[in-house]
Amino acid sequence: MTALLAVEGLTKSFGGVRALDECSFEIAEGSVGALIGPNGSGKTTAFNVITGYQAADAGGLTFRGRAVRRPDPCRLQRLGLARTFQQPRVFPGLSALENVVLGRNQPWHALLRDRVPGPDRRRAEELLDEFGLAAHAHMPAGRLSYGQRKLLEFAGVLMAEPVLVLLDEPTAGVNPIMVKTMEDHIRRRHAQGVTFLIVAHEMQFVMSLCDPVIVLDHGRRIACGAPGEVQKDPRVLDAYLGD
Ligand SMILES: Nc1ncnc2c1ncn2[C@@H]1O[C@H](COP(=O)(O)OP(=O)(O)OP(=O)(O)O)[C@@H](O)[C@H]1O
Ligand SMILES: [Mg+2]
């Protein structure tokens, strides 16, 4: 399979902290990859640099076979790369439905003028239904539970019909039932052809869902492979247990 996303030598420092250190990996089209590693190992920074929320100091990436010279979040979203955030980012004062509609990159004034195109509105309603949030469609998103906000953010990024979705800890801080719900949604979308790269800490979730598993430690990629291999890798055990 061809690489949908390839990152090469990504490096990013914050003052004296090297958050990413010549980090390289590839995500094949059609896969569900995991990006794991101890706290502070650079996972979120990798997402931020790939999606253009932060500029890399060095290194580069290709997406869909094209070099992305200066990653820009909106441009990448139009090309089919979407992401969620470790702390779900929703507009708390807007309804759940409006939040999902905004995933399509609507001009904000379209909402005020009630000029959201009918097809977009219907699509957002379908997504809310799919994600079990239809009953909350007109509730301010800020009143949803933490797990529901994570689901809402996921539903929102699907409005743009992405080919690659980066999920930053979709299962952290949510109850076990919600973890299963999230897994089901990922599996369903994967079956429809969406590729994923997921930051997660729950090993059972990662081991049952993801291949390859890419492991970061101090910003470096220390392992990459099938879950069974990575789990036995002494460098990985050392990274988690060592310091
Ligand atoms: N904006 C920033 N300013 C300064 N240091 C930062 C910034 N963002 C990240 N860092 C540092 O870079 C390193 C990597 O952080 P990052 O958030 O990417 O790790 P992570 O693997 O996502 O961790 P976690 O599992 O806790 O979410 C850490 O040492 C962190 O403190
Ligand atoms: Mg993080």
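Everything numeric in this text was worked out from a predicted model, so none of it was measured. (Residues numbered from 1 in each chain as written. Chains lettered and ligands numbered in written order. Predicted model: local features only at pLDDT ≥ 70, side-chain atom pairs only at ≥ 80, totals over all residues.)

### Thoughts on the site of ligand 1
Neighbouring residues of ligand 1: Phe 14, Val 17, Ala 19, Gly 37, Asn 39, Gly 40, Ser 41, Gly 42, Lys 43, Thr 44, Thr 45 and Gln 86. In terms of residue count, the dominant contributor to the shell around ligand 1 is helix H1 (residues 43–50) (3 residues). (Near = placed C-beta within 6 Å. Helix = DSSP H or I, 4+ residues; strand = E, 2+ residues; numbered from the N terminus.)

### Topic: the sheet that holds strand E8 (residues 195–199)
If you walk across this open sheet you meet the 6 strands as E6-E7-E8-E3-E9-E10, and the pairing is mixed. In this open sheet, the two strands that pair with only one neighbour each are strand E6 (81–83) and strand E10 (220–225). For this sheet, the mean inter-axis angle between neighbouring strands, taken without regard to orientation, is 15 degrees. For E6 and strand E7 (residues 164–168), the ladder comprises 3 bridges, and the chain directions are parallel. In the sheet register, Ala 82 faces E7, and the bridge partner there is Val 165. (Pairing = 2+ DSSP bridges. Axes fitted to C-alpha atoms, helices over the stretch in contact; angles between N-to-C directions.)

### Side note on the nonpolar core
Residues Ala 34, Val 100, Leu 128, Leu 152, Ala 155, Ile 198 and Val 215 are the most contacted members of the largest nonpolar core, which totals 66 residues. Per-element accounting of this core gives the leading share, 6 residues, to helix H6 (residues 146–158). Sequence-distant contacts of Ile 198, defined by excluding residues within four places in its chain, comprise Val 32, Ala 34, Leu 167, Pro 170 and Cys 210. (Core = buried A, V, L, I, M, F, W, Y, C linked by C-beta atoms within 7 Å. Buried ≥ 20, exposed ≤ 12 C-beta atoms within 10 Å, placed from the backbone. Contact = placed C-beta atoms within 7 Å.)

### A look at H1
Two residues of an α-helix separated by three or four positions point the same way, owing to the 3.6 residues in each turn. Burial analysis of H1 places 7 of its 8 residues in the buried class, which makes it a mostly covered element. All of the buried residues in H1 are Lys 43, Thr 45, Ala 46, Phe 47, Asn 48, Val 49 and Ile 50. Immediately downstream of H1, the backbone of Gly 52 shows phi near 85 degrees, a positive value.

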